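Structural description and commentary
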Amino acid sequence: MPDPAPVGLVFVGCFTTERRRARGRGIDVYRTGGGLEGWTHLGRAEGLTNPSFLVADPGRAALYTVQGDGEEASAYAAAPDGTLRPLGSATTGGTNSVHQALDPTGRFLIVANYASGSVALLPVRPDGGLEPASHVLPLPGNPGPHRTEQACAHPHHVVLSPDGRHVLVPDKGLDRVFVLAVDGERLEIVSETAMRPGAGPRHIAFHPRAPLAFLVNELDSSVATCRWDAQAGTLTPLHLAPTLPPDFFGASTAAAIVVTPDGRFVYASNRGQDGIARFRVDEAGRLDPAGWMPAGGRDPRFMVLAPDGRHLLVANEQGDSLVEFAIDPDSGDLTKTGSRPSLSPCTIAFL
């Protein structure tokens with residue numbers, strides 16, 4: 001059954017607390033149209049603590065957010081006019097929930113609890129609301145060598161495999177990527193893959209056709225190409241490429257990763273260097289560094305493709321801006337095509 005047609009809404013989550021050095025006020029709602037500068041601001045959902053990641057469910061016309069540094073996930077019903085009606089919040093079974101995904105059946109919201117080092121299942125009610133975590137899976141392993149950033153397990157991303165059978169969770173604290181499966185009402189570990197000590201795996205994105213996944217490592221500013229075995233549910237590292245220019249010597253951490261719909265180009269953002277690294281993907285899946293583009297603001301925490309697949313949107317958290325880039329289909333070059341103010345933006349979702 002095809003997904004419902006998009007209704008043309010876009011949601012921008014913004015950090016809100018002093019601890020995050022934030023100025024945002026919640027989730028801003030826009031009507032899309034005419035590129036980023038043509039978005040129309042419709043309203044805002046306030047009263048949230050650090051809506052750090054958003055997931056839209058077109059089937060239910062629902063929006064889900066986790067609350068960074070908190071212990072809850074929240075659900076909203078989204079009306080065509082952009083009004084967000086609260087469906088309530090539920091505890092995630094952990095702290096600092098940073099990322100989430102809906103399982104393919106829509107029965108569960110799968111949540112990464114960064115600070116407490118666990119992944120949780122939250123049942124989704126028929127109306128789209130959430131029940132408290134029904135199963136919480138602690139991630140096992142020895143912490144990496146970084147004294148402050150790797151004190152314990154820190155799962156940072158929840159990504160479904162292309163066939164929906166597995167859940168991949170990069171763990172920044174343990175220098176590992178866990179592959180999980182939903183087994184009935186529980187999460188089970190299928191496999192785990194070790195990265196370089198101190199790498200700090202953060203986010204992962206699949207190639208649209210080849211059995212490959214690209215993992216951005218936050219702490220050592222690198223991207224690893226990995227072979228994906230869908231049958232076994234395993235990752236095998238193949239190649240590593242730096243996200244920073246060779247002439248950059250400042251402090252920086254990598255953040256987001258995006259793969260173009262044709263699989264020819266990969267982009268990774270750098271916070272500190274404040275640029276976007278561009279890579280060409282060769283036939284073996286190796287990444288060839290092809291240049292760097294200024295992100296248009298400080299700390300590009302988040303990136304996502306626009307629904308047309310031809311534009312890259314960047315949320316500059318400390319730069320208080322959203323920036324749009326057109327993607328050249330032949331070279332992968334980025335050309336800035338728009339920007340607009342946004343206070344402490346950290347996530348974007350479309351419905």
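First, a word on scope: everything that follows refers to the structure included in this document. As the structure is a computational prediction, the values presented were derived from the model and not from experiment.

Side chains that are nonpolar tend, in soluble globular proteins, to be buried together. Residues Trp39, Tyr64, Leu109, Leu122, Leu130 and Ile348 are the most contacted members of the largest nonpolar core, which totals 30 residues. Here tyrosine 64 is in contact with Phe53, Leu54, Val55, Asp57, Ser74, Ala75, Gln100, Leu102, Leu109, Val124, Gly128 and Leu130, once residues within four sequence places are set aside. Judged by nonpolar contacts, the second largest core, of 18 residues, contains Val98, Ala101, Tyr114 and Leu187.

Quick look at the packing of aromatic side chains now. Taken as a whole and judged by the stated rule, the model has 4 aromatic pairs. Both rings, one in phenylalanine 53 and one in phenylalanine 302, keep their centres 6.1 Å apart while their planes meet at 65 degrees; by these two values the pair is edge-to-face. With phenylalanine 53 in strand β4 (residues 51-57) and phenylalanine 302 in strand β24 (residues 300-305), the pair connects residues that are 249 residues apart, well separated along the chain. Each member of the pair, phenylalanine 53 as well as phenylalanine 302, carries the same accessibility label: buried. Plain terms: the ring middles of phenylalanine 206 and tryptophan 228 are 5.6 Å apart, the flat faces sit at 75 degrees to each other, and that makes the pair edge-to-face. One end of the pair, phenylalanine 206, is in strand β16 (residues 201-206); the other, tryptophan 228, is in strand β18 (residues 222-229), with 22 residues separating them in the sequence. A network of ring pairs unites the aromatic residues Tyr30, Trp39 and Phe350 as a single cluster. Across from the ring centre of phenylalanine 15, 4.5 Å away, lies the NZ or CZ of arginine 20, which sits over that ring.

On inspection of all chains with the given rule, the structure shows 18 salt bridges. In this structure, the salt-bridge partner of arginine 125 is glutamate 131, at a minimum N-O distance of 3.9 Å. You can call arginine 125 partly exposed: its relative accessible area is 25%. Judged by relative accessible area, glutamate 131 falls into the partly exposed class, the value being 34%. Members of the salt-bridge network, linked through shared partners, are Glu149, Lys172, Arg202, Glu218 and Arg271.

Cut-offs applied
Residues numbered from 1 in each chain as written. Predicted model: local features only at pLDDT ≥ 70, side-chain atom pairs only at ≥ 80, totals over all residues. Heavy atoms only, no water. Core = buried A, V, L, I, M, F, W, Y, C linked by side-chain atoms within 4.5 Å. Buried < 20%, exposed > 50% of the residue type's maximum accessible area, 1.4 Å probe, protein only. Contact = heavy atoms within 4.5 Å. Phe/Tyr/Trp six-rings, centres within 6.5 Å; stacked < 30°, edge-to-face > 60°. Helix = DSSP H or I, 4+ residues; strand = E, 2+ residues; numbered from the N terminus. Lys NZ or Arg CZ within 6 Å of the ring centre and 35° of its normal. Salt bridge = Lys/Arg side-chain N within 4 Å of Asp/Glu carboxyl O.

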